[in-house]
Amino acid sequence: MDKVGCYPFMAEPFHCDFSGRLFMGHLGNHMLNAADFHSSARGFGMKYLMTIKRSWVLSRLAIEMEEMPLQYTKFNVETWVESAMRYFTSRNFAVVDESGKVYGYGRSIWAMIDTESRQPTDIYAIDNGAIEQWIVKDKECPIDKGGRVKMSDDAELVRTIDTYYNDVDINGHINSVKYIEHVLDLWDMEWYRTHQIKRFEIAYVAEAHAGDQLSFYMEKEELSTLNSPFCTFNIRIIRSDGTECCRSKVKFL
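Residues numbered from 1 in each chain as written. Predicted model: local features only at pLDDT ≥ 70, side-chain atom pairs only at ≥ 80, totals over all residues. Heavy atoms only, no water.

K.L.:
Mind laying out the sheet that holds strand β2 (residues 54-65), listing which residues take part and the relevant values?
P.N.:
Strand pairing in a sheet is mediated by backbone hydrogen bonds. Such pairs are either parallel or antiparallel. Pairing is antiparallel across the open sheet formed by 10 strands, whose spatial order is β1-β3-β4-β5-β2-β7-β10-β9-β8-β6. A single partner strand is all that each edge strand has here, and the edge strands are β1 (5-10) and β6 (156-162). Within this sheet the neighbouring strands show an average axis-to-axis angle of 25°, counted without direction. Along the sheet face, helix α1 (residues 24-41) touches β1, β2, β3 (74-84), β4 (88-97), β5 (102-114) and β7 (197-204) and points at about 60° away from the line of β3. Its contacts with the sheet put helix α3 (residues 176-184) on β2, β6, β7, β8 (213-220), β9 (231-239) and β10 (244-252), and the angle it makes with β7 is roughly 130°. (Pairing = 2+ DSSP bridges. Helix = DSSP H or I, 4+ residues; strand = E, 2+ residues; numbered from the N terminus. Axes fitted to C-alpha atoms, helices over the stretch in contact; angles between N-to-C directions. Contact = heavy atoms within 4.5 Å.)

K.L.:
Before we move on, can you summarise unusual backbone geometry with the specific residues and values?
P.N.:
Unusually for a residue other than glycine, Y72 sits at a positive phi of about 75°. Inspection of the secondary structure puts Y72 in the loop between β2 and β3. Residue class for Y72 comes out exposed when judged on its relative accessible area of 55%. Phi is positive for N128, which is not a glycine, with a value near 55°. (Buried < 20%, exposed > 50% of the residue type's maximum accessible area, 1.4 Å probe, protein only.)

K.L.:
Lay out the side chain of N92 with the relevant residues and their values.
P.N.:
Looking at the secondary structure, you find N92 in strand β4. You can call N92 buried: its relative accessible area is 1%. If we ignore the near neighbours within four places in the chain, the residues touching N92 are E78, T79, W80, E82, G106, R107 and C141.

K.L.:
Tell me about the pairing of β9, and please be specific about residues and values.
P.N.:
For β9, a buried count of eight out of nine residues is recorded, marking the element as mostly surrounded by other parts of the structure. Here seven bridges tie β8 to β9, and the two strands are oriented antiparallel to one another. Along β9, the bridge assignment pairs L214 with R239. Here eight bridges tie β9 to β10, and the two strands are oriented antiparallel to one another. Of the residues in β10, the one forming a bridge with I235 is S248. Here β9 hands over to β10 after four residues, with G242 in that stretch at a positive phi of 90°.

K.L.:
So, the nonpolar core: which residues are in play, and what are the values?
P.N.:
Membership of the largest hydrophobic core comes to 61 residues, with the highest contact counts inside it found for M24, L27, Y179, W187 and I235. A per-element tally of this core places α1 first, with six residues. The contact partners of W187, leaving out residues within four places of it in the chain, are Y192, M218, F233, I235, V250 and F252. Membership of the second largest hydrophobic core comes to seven residues, among which are W80, A94, V136 and C141. (Core = buried A, V, L, I, M, F, W, Y, C linked by side-chain atoms within 4.5 Å.)

Here it is in structure tokens:
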């Protein structure tokens, strides 16, 4: 079995926005599915982990796209494990069409948790560290790994939302992709008529659950150069009790 997995998807019309291109949230979902297909086929996927009260939890995700696939376009998500440590593993993605055209790339960091204690657990304890044999060190993922999203105390509260049944995933907390969708809903339709998402980053800090209110704080990042075509925003998400759940950075062109 190859170390790199390759999985076919299609930009289904009901997964595309008003411009006819795939929603970022659905692309993120395809990446997470590809990660599960890849890990399950190699013996360390969610289906097996659930039997031993373990689960993968997404810690960080960065997606950088040249363009999003148009509706009905068939494309593949390639995925591979770049590195592994005791509590975290890094997994990369490439989004390519059937001819080999590259749409973009993704980088992710995952933790393995005990589903009862909700605490990180030793990845190498699974099948005597079998994940090590699947690490790929020579496949390029030419996008920035990203870093901590820095925000000041002056960030503006721009929205507070309630969470419900459809926000919750198999781990019992707010779904990783739902955060992406909620963040991208902070801009209206007119903004998206004139701006394209070039890069999306999110770092998960603490869990939120159904019934929690989520408050979104935003500030615009100062341009590094006066002639930069990019517009970047940083977002902090706080749950009902004041705990920070995650931070996100969105770069528009």
